[in-house]
Every structure is written in C-alpha cells, then in structure tokens.
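What follows is each chain in one-letter form.
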Amino acid sequence: METTSVSTVKPKRKDKSEDVQEERQKEEETPSGEPQRKLLRLGETLDKPLAVPEVQLNAVYQQKELTQWLQTTWTKAKGGETVKDDKTGAQVFGDPFQICLLPGLLAEGTSKALVSEIIDKVTWSRKQMDLYEFYQSTDLSNMPRCRLLTNFLQVLRKQVRPWLEKVTNLKLDYVSASCSMYTCGDYLLVHDDLLKDRQIAFIYYLSPWEGAEEWNETQGGSLEIFSSDSQCFPQFPVHRKIAPKDNQFAFFKVGSRSFHQVGEVTTFDYPRLTINGWFHGETNEAFVPDSMRAFPRLSYLQPDSSSKQQPLALLLNNVYLKTATRRSIQKRIEENSEICLYEFFKREKFELARAQLLNDSDSLVWRRQGPANAHNYEVMDLSTARGTIQELLQLFRSNAMFDLLRDFTDLDLSGADAVTPKCSVELQRWSHGNYTVLGDGLVSEENTLDLVYYLNAAEGAAVITYLSPDGELPNEKQKQTSGSDEEDDDSVLLTISPVDNALNIVYRCEGTTKFTKYVSRNTPLEKGPVFVISCSYKE
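Residues numbered from 1 in each chain as written. Predicted model: local features only at pLDDT ≥ 70, side-chain atom pairs only at ≥ 80, totals over all residues. Heavy atoms only, no water.

Caption draft 1: Local environment of the overall build of the protein. The number of helices and strands found in the protein is 10 helices and 25 strands. In the protein, which comprises 539 residues, the share counted as buried stands at 58%. Considering only residue pairs separated by 6 or more positions, the protein has 83% of its internal contacts joining residues 24 or more positions apart. Carbon and sulfur atoms make up 46% of the accessible area of the protein, which totals about 23400 Å². (Helix = DSSP H or I, 4+ residues; strand = E, 2+ residues; numbered from the N terminus. Buried < 20%, exposed > 50% of the residue type's maximum accessible area, 1.4 Å probe, protein only. Contact = heavy atoms within 4.5 Å. Areas by Shrake-Rupley, 256 points an atom, 1.4 Å probe, with all protein chains shown as cover.)

Here it is as structure tokens:
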C-alpha cells in the first residue's frame, strides 16, 4: 500500500494590530464580502433612524440615587448576592464574580443610529485562531469618519469612566473599545480577559431589529459565565448565560476568576453586534498569580507488559509489517517529521471498534476533560474498555508497538539503547462545541512522537493544528502592535484532518504546540461523534 504524508496547510498572513485577545494575532483582512453585504441587507429592514445629534446616556443612569444604589450593591455582590433594581431593571450578580447589567443605557433611538453608521462606514477584519472566529473593527479612536462611534467613545471616556470609578471604587485611567460582529458559526472560547492593566471589561449590545431586540437561547451568542475551582480553573457546566439585548450595557471586574465565553451564534438571521472593550488602570492585582498558573499536563507510563496482547499480525494491515515498508516510512519521517498511514488496522478490526464505540453506551465510561479554558472534550475511562477497543488500546502501550515505532522512526523506544521509554494513551470523544486551545499544557517540553488515530471520522471535527516553537504563545500576555501586515506567518507546521482508520505519526520537537479546532454546530455529525486515539511517546 502506498503511504502518503499529511499535507500541511499554508498559514494566513499575520496582522499585528490590536485585537480582542492581544496575544493571539492571526487574522484575514475582509473589508467587504458576505458579512458586509448581509449587514447592508439588514440595514434596509431597519426603520430610518431618528437624527441623533450626539450620543447621550439615559437620564435615569445619571441620577445620584441610582449611582449610590449601584455602588452599595456592587460592594455587597462580592459576597455572591444577586440584586435587581425594579425601576431601571439594572441587575448585579455576585456569583461567580461581579457582573452588572444596565438595560437601556443610551437615549431612545441611539442604538439604531449607531447600527446604521456601523453598516455604512465600519470596515471589518476577520479574526481566526484557536480561541475565536468573528469579525472586529479597528479601535474606535481610529474612526474619524464615524461621528457617532467617536462620540460614543467620548461618552465612555468622560461620563462612564468616572461613573464606574465611583461604582467600583477602582482607579480607571483610560478606555479601549472596538466593534465586534459574530455571524452564524462564530464564537469566542473560555478566557478571563486578564492582561496587565485591564480592570473592567464591558459589552454594549446592538440589536435594534424588530423581533430581535432580545435574543433567546436557540440563537446562541450569549455571554456565558463560568465558575472556577480552588485553583482558579474554570469548570463545566456554564454557570450563567446572558443573552444579547439591544441597548444593554454589561460590565464585570476582570480577575483570576472572570472566566467567560461568547457562545456560538446559531442564527443565520442576525449578527451579534457589540461595542466592547476594557477600562484600564494600574496593574491588575490578579495578574501576577494568574501568569504563574499552569495547565495540567499529560501523564506518561512505561510499556505495558502485564496484559495478554494480540500479535501485530492479527490487528495491523500486513503491509505495515513488511521490512521494505518500514524502511520507506522511516525515510519519509526523517524527511518530513510526519506521515499518514492509511488503513492502518485490518478493516474488520476497525469496523468492530467503531461499532463498539457507537453502540456500547452502557459499559464504556466517559468524563469531560477540562479545565474549560484549555479543553472541552470527553475521554474514556480506559479501565472500562472491553473487546476490540481494549485490544487496540493495549496495542498502543505494548512492547510490540514500541518496537514497531522504533523501526518507523529510528527513535530509541526499545532495544539496547532505550533508557526509559514511556507513553501516554487517551481515547477521546468529539462532538459539537468541543475544542482545545493553545496553552502550557499542550507545549512539548521535550521531543515527542505523537500518534493520532480516527474512528467514525467526520470532516471538520477534531482537526488538529501544530504550531512551531517560534509561534506566538497565548501565555505571552503582551500587547503586540508593531510589525508589517505583510509578514508571512510560518508558525503553522501541520494540520491533520480526520480520516477513518488512518494513523498519523508526528515527530514534535521541543516547544512545538498544538490545538484541536472548535467543532461548530454547523459541522455535520450525522454518523455520531468522532473518536480519536491520541498517544504521545518519549524516549
């Protein structure tokens, strides 16, 4: 059988302008295109907005009594209380962290006028990386053509900032803000917004279309809030959902527990439009301990010699046991550091294993893999494996597999030169909404050999991307504003797409990292979830 290497994906160009997560910098410029055309069509459905000479706060939020109420309530919310003002509908949540919702922030008609200006004058850039997919504008301070948006920024600076200082008792020096647009399938995964000087995060919602002023859960796009454990890791399930609501202003204190995400937008009818950003001040007191928080890492075990193991000839496609094939594979890996071996297991073994995974829901035990800011997929309790699944899993930890991989790669995984070879084996289940993101736990601390094997593969589900050691990592929480937009991004080394019964072998050098792309609700999974046997070997 001919073996073919996995083709690498050409990376997109890197744009080092300011973005929502300043340390993640990969985007594709789209000043026009389908999103802009859709906005123009939606603009035609809006009633002609009233002439708005300037952006003004709703008078009720300028009353001294309400400011005092919010100040008192915000302080009390640290104890986990939830309080609502009957007159304005303003709410303050204390659990799992302080969040405030202010409906009707601006004078009537202002949100519609802002949307009209956004449709006519804002240019969008596509943001795509492990953590997100959506559209974003430049900072509002760089929009001289947009009178109302510039005016909105001035309101944030001159009225909202000093008002928030009174409410939160925080010193706020300046504000940064931009427009964001999420169309169907877009999302922003779990993060805490914690960079050095961010103190308060805010979102102002714009949805003035008739019948869509307040979204429901089926449309997606909610601000989803997570609780966290004693080590400040966010935990499943989602603790609270805040749906988009026209002319509503939401803000929260940024800290080591302020974990949130934007749920995937699932409606084709309207985009999720917001003006969002941060009020900045002195160094956030939570920044230093947060930067030292490390993700959990894989645990490695020595080859398993205790269990009875099937001979390779009963499980593997015979072509991969031939001496000539092994030499050919070794040469390919030496040249490319990766290869894909199609029809790796005998077809009948693959079919038995897939059927068991899909149908044996009673005996196989699964658990969700977290924390939420690093992983969201299910892993099987390997002690519950039976039948063909057990045979395959035992094979990946067997001495015979270590011997075979030594022949494939010339690594010291067995034989006289092997010192303490070991491996990690995981059986994963991937469905809609699952992902991994870049982080310390996925950075290779030493040279390793990865094996990725798919069962019940589906296009677009459990797609893995490898990045070079020189690529920008998310824990480098620094603002990056220099550099040319034309600089080539060579950080993407390899992308593995799912193929049934194909074994992908990837040699990773120290510092190489990877992530598995978010599985959108638009990804067809009619055959059920995708299963991945993921292994890592060390000499």
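So much for the structure itself; the text now carries on.
Caption draft 2: Layout of the environment of Ala 353. Its place among the elements puts Ala 353 in helix H8 (residues 347-359). Spatially, the C-alpha atoms of Ala 353 and Arg 386 are 9.9 Å apart, while their sequence positions differ by 33 residues. Those residues in contact with Ala 353 that sit more than four places away from it in its chain are Thr 388, Ile 389, Leu 392 and Leu 455.

Caption draft 3: Quick look at unusual backbone geometry. Of the consecutive residues Asp 95 and Pro 96, the connecting peptide bond is found in the cis state with omega at 5°. Secondary-structure assignment places Pro 96 in the loop between strand E3 (91-93) and strand E4 (99-102). The omega angle of the peptide bond from Phe 236 to Pro 237 is 0°, so this bond is cis rather than trans. In this fold, Pro 237 is placed in the loop between strand E10 (223-225) and strand E11 (240-242). Residues other than glycine seldom take positive phi values, yet Asp 193 does so here, at roughly 70°. Residue Asp 193 is classed as buried on the basis of its relative accessible area of 5%. Residue Glu 343 is not a glycine yet carries a positive backbone phi of 50°. Relative to the helices and strands, Glu 343 resides in the loop between strand E15 (338-341) and H8.

Caption draft 4: Examining the pattern of salt bridges more closely. Enumeration according to the criterion identifies 19 salt bridges in this entry. Here Asp 407 ties to Arg 406 by a salt bridge, and the two come within 3.4 Å at their closest N and O atoms. Overlapping salt bridges bring together Glu 343, Arg 347, Glu 351, Arg 354 and Asp 500 as one network. (Salt bridge = Lys/Arg side-chain N within 4 Å of Asp/Glu carboxyl O.)

Caption draft 5: Inspection of the pairing of E4 at higher detail. Burial along E4 is two-sided: Ile 99 and Leu 101 facing one way and Cys 100 and Leu 102 facing the other are all buried. By the bridge criterion, three bridges tie E3 to E4 in an arrangement that is antiparallel. Directly across from Val 92, in E4, lies its bridge partner Cys 100. Two strands pair when backbone bridges link them, and E4 and strand E12 (residues 249-253) are joined in this way by four bridges, in the antiparallel orientation. Directly across from Ile 99, in E12, lies its bridge partner Phe 252. (Pairing = 2+ DSSP bridges.)

Caption draft 6: Geometry of the nonpolar core. Grouped together as the largest cluster of nonpolar side chains are 78 residues, with contacts concentrated most on Leu 102, Leu 149, Leu 156 and Phe 251. Examining the composition of this core, we find that 10 residues originate from one element, helix H4 (residues 147-168), more than from any other. When near neighbours in sequence (up to four residues on either side) are disregarded, Leu 102 contacts Tyr 61, Leu 70, Ala 90, Trp 163, Asn 247, Gln 248, Phe 249 and Phe 251. (Core = buried A, V, L, I, M, F, W, Y, C linked by side-chain atoms within 4.5 Å.)

Caption draft 7: Here's a closer look at H8. Along its 13 residues, H8 runs 18 Å from first to last C-alpha, staying within 8% of the 18 Å computed at 1.5 Å per residue. When we look at burial in H8, the residues that qualify are Lys 349, Phe 350, Ala 353, Arg 354, Gln 356 and Leu 357. What you see down the axis of H8 is that its buried residues fit within an arc of 160°, all on one side. Buried residues along H8 sit in contact with helix H6 (312-315), strand E16 (366-369), helix H9 (387-396), strand E18 (422-430), strand E20 (448-455) and strand E25 (530-538). (Expected span 1.5 Å × (residues − 1). Arc of directions from axis to C-beta.)

Caption draft 8: Examining the pairing of strand E9 (residues 198-206) more closely. The element E9 is extensively covered by neighbouring structure, given that nine of its nine residues are classed as buried. With eight bridges connecting them, E9 and strand E14 (residues 272-281) associate as antiparallel partners. Bridging across to E14, Tyr 205 finds its partner in Thr 274. Pairing of E9 with E12 involves five bridges; the strand directions are antiparallel. The residue bridging Tyr 204 from the neighbouring strand is Phe 249, located in E12.

Caption draft 9: Examining the packing of helix H2 (residues 64-76) against H4 more closely. Between H2 and H4, whose axes approach to 7 Å, the crossing angle comes to 50°. When the interaxial angle is binned, H2 and H4 end up oblique. Packed against H2, whose contacting residues are Thr 67, Leu 70, Gln 71 and Trp 74, the element H4 presents Trp 163, Lys 166, Val 167 and Thr 168 at the interface. Of the residues assigned to the contact of H2 with H4, the class counts are four nonpolar, three polar and one charged. (Axes fitted to C-alpha atoms, helices over the stretch in contact; angles between N-to-C directions. Parallel < 35°, antiparallel > 145°, perpendicular 65-115°, else oblique. Nonpolar A, V, L, I, M, F, W, Y, C, P; charged D, E, K, R; others polar.)

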